[in-house]
Every structure is written in C-alpha cells, then in structure tokens.
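Chain and residue survey
Residue strings, one per chain:
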Amino acid sequence: VIDFPEVGIDPEVFQWPGDRPERERLTFLFAGRLVAYKCADVVLEAFAQSPVLRQHRLVIVGGGPEQERLTALVKEQGLESVVDILGQQPQREVGRLMREADVFAFPSIRELGAGVVIEAMACGCVPVVASYGGPAALVTPETGCRVPMGSKAELVQSMRAEMEALTRDRARLRGMARAAYQRAIEKFSWDVKSRKLIEVYDWVLGKRATQPQFEA
C-alpha cells in the first residue's frame, strides 16, 4: 500500500498572489457546496458571536440546499455589512477569491479528499479546518489550524478562537500563508504528482527495486 493523496492543484488557476498588503480588515472565505455537513453555518455563527470577527469580512462561495437558510441567518444576526454570499462560481473566479482572501474557514466534518483546502493553500489563503478526514491530513501546524471535532457548539467556539487569534497575530498569519503555498506547490501540483505516479508504476513494473515512500 502506498499513501498517495488523490488531490492536486493547477498552478495556473491557484497561485501565489505575493505577500498581501497590510490591512485592518481581513477577509475570511468559505468555498464549497452548501450542504449541512460542510458546516458553513458554523463559520457564520462564529462571526455572529464574535465582536472581533464582526470587524472583518466573510465571503461564502457555493450553491446548495443550505443557501437560503444561510442567507436568512445573515439577516437574522445583522451581518449584512460583514457577510457576502456569492453563490456558485466558476473555478477561476474561486481562485481569484482565494488570492484575495486571508483565511480559508472550512470546518467540514466529512471530507475525503478536500481538494479545495489545497487550492486555498496554493493561493496563500491560510486554512482553518476540522481535524478529521482529508483536511486533517493536508494541513500541518505550520500551514494552518486544525480544530478538534466536537459538538456543533464546540466547533463554533474552536473556529471562533482560531480565527480571532489569526486576526491578532498578523506575522503568524503571513508566515503560515507562505508555508501553505510552499506545501501545496511542492507536494500537490499536478506535475509533481505525475512524477510521483511514474515512480509507483516503475516500481510495479520492476524498473526500480525499492517501493516509493512519499512524505505526507
């Protein structure tokens, strides 16, 4: 058995934007299908409960059955000036939004591959994810934040705490952004992954003696 994550990124679509300019108001981004298990509402509730996060911006990208409820929640919590729900967007537009955002808030509790996390990382958008499934394997302490699984209320509080911490420590945020980009490009760009796949086939076909071992 060879551990070889299925996800990869196209560096022409998801690319490093350079160091982001200093700005008081950060942009947090959620991108994914708006279904219950991806927990976009957890991010919204974290913003609703936090005077700190309300000073910043949240962009939600994606379509699905949760969109109407999320839109109502924004209005109910008085977050109209803070939250933008953009609906489903083409891939290149998602890449642009990732390059403009600072933090990728993605507390999904059922992700196998989680390619969207690597796409965000390739854009220097620092991920804050639930420590479970695909995202937990992709995000390291140097490249983002992993919050423990728990009840919905616990997830809200953990996400809130990590996101608030990033707003206060901009040097840490900048360092994570660069590290996230490097990890995504060096390990998950399609050309890198294709070279690794060739190593696997060479071993299977007897063209090399040792089984490839790839670092996580």
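What you see is a predicted model, and the numbers here were worked out from it, not measured in a lab. (Residues numbered from 1 in each chain as written. Predicted model: local features only at pLDDT ≥ 70, side-chain atom pairs only at ≥ 80, totals over all residues. Heavy atoms only, no water.)

Things to note about the packing of aromatic side chains
Any aromatic ring pair is given by two values, namely how distant the centres are and how the planes are angled relative to each other. Under the criterion given, the structure shown has five aromatic pairs. Both rings, one in Phe 28 and one in Phe 47, keep their centres 5.4 Å apart while their planes meet at 80°; by these two values the pair is edge-to-face. On the criterion of sequence distance, the pair formed by Phe 28 in strand β1 (residues 27-31) and Phe 47 in helix α1 (residues 40-49) is long-range, its members being 19 residues apart. Like Phe 28, the residue Phe 47 is buried in the burial classification. In textbook terms, an aromatic cluster arises when at least three aromatic residues are bridged by ring pairs, as seen for Phe 30, Phe 104 and Phe 106. (Phe/Tyr/Trp six-rings, centres within 6.5 Å; stacked < 30°, edge-to-face > 60°. Helix = DSSP H or I, 4+ residues; strand = E, 2+ residues; numbered from the N terminus. Buried < 20%, exposed > 50% of the residue type's maximum accessible area, 1.4 Å probe, protein only.)

Comments concerning helix α6 (residues 152-168)
Given 3.6 residues per turn, any residue in an α-helix points the same way as the ones three and four places further on. Taking 1.5 Å per residue, 17 residues should reach 24 Å; α6 reaches 25 Å between its end C-alpha atoms and fits that length. Residues of α6 that are buried include every one of Leu 155, Val 156, Met 159, Arg 160, Met 163, Glu 164, Leu 166 and Thr 167, and no others. Seen along its axis, α6 keeps its buried residues to an arc of 155°; they face one direction. (Expected span 1.5 Å × (residues − 1). Arc of directions from axis to C-beta.)

Section: the pattern of salt bridges
Counted according to the given criterion, the structure contains 14 salt bridges. Among the ionic pairs, Asp 19 bridges to Arg 178, the shortest N-O distance being 3.1 Å. Here Asp 19, found in the segment before β1, pairs with Arg 178, found in helix α7 (residues 170-188); they are 159 residues apart in sequence, far enough to count as distant. The closest approach of N and O atoms between Lys 152 and Asp 41, which form a salt bridge, is 2.8 Å. (Salt bridge = Lys/Arg side-chain N within 4 Å of Asp/Glu carboxyl O.)

Brief notes about the sheet that holds β1
Neighbouring strands of a sheet are bound in pairs by backbone hydrogen bonds; such pairs are parallel or else antiparallel. In space, the six strands of this open sheet follow the order β3-β2-β1-β4-β5-β6, with parallel pairing throughout. Only two strands of the sheet have a single partner each, and these edge strands are β3 (83-87) and β6 (145-147). Each strand axis lies, on average, 20° off the axis of its neighbour in the sheet, ignoring direction. Across two bridges, the pairing between β1 and strand β4 (residues 103-106) is parallel. (Pairing = 2+ DSSP bridges. Axes fitted to C-alpha atoms, helices over the stretch in contact; angles between N-to-C directions.)

Thoughts on the environment of Arg 23
Along the chain, Arg 23 turns up in the segment before β1. Look at Arg 23 and you get partly exposed, because its relative accessible area is 28%. Sequence separation between Arg 23 and Lys 196 is 173 residues; the distance between their C-alpha atoms is 40 Å. For Arg 23, the residues in contact, after removing those within four places along its chain, are Glu 100, Ala 101, Asp 102 and Arg 170. Within the structure, the side chain of Arg 23 is placed 3.0 Å from the backbone oxygen of Glu 100, a separation counted as a polar contact. (Contact = heavy atoms within 4.5 Å. Polar contact = N/O pair within 3.5 Å; in protein donor to acceptor, adjacent residues only side chain to side chain.)

With respect to the packing of α1 against helix α2 (residues 67-76)
Where α1 contacts α2, the axes come no closer than 11 Å and their chain directions differ by 0°. In this view, α1 runs roughly parallel relative to α2, as classed from their interaxial angle. On α2, the residues that touch Ala 40, Asp 41, Leu 44 and Glu 45 of α1 are Arg 69, Leu 70, Leu 73 and Val 74. Across the contact of α1 with α2, the residue classes tally to five nonpolar, no polar and three charged. (Parallel < 35°, antiparallel > 145°, perpendicular 65-115°, else oblique. Nonpolar A, V, L, I, M, F, W, Y, C, P; charged D, E, K, R; others polar.)

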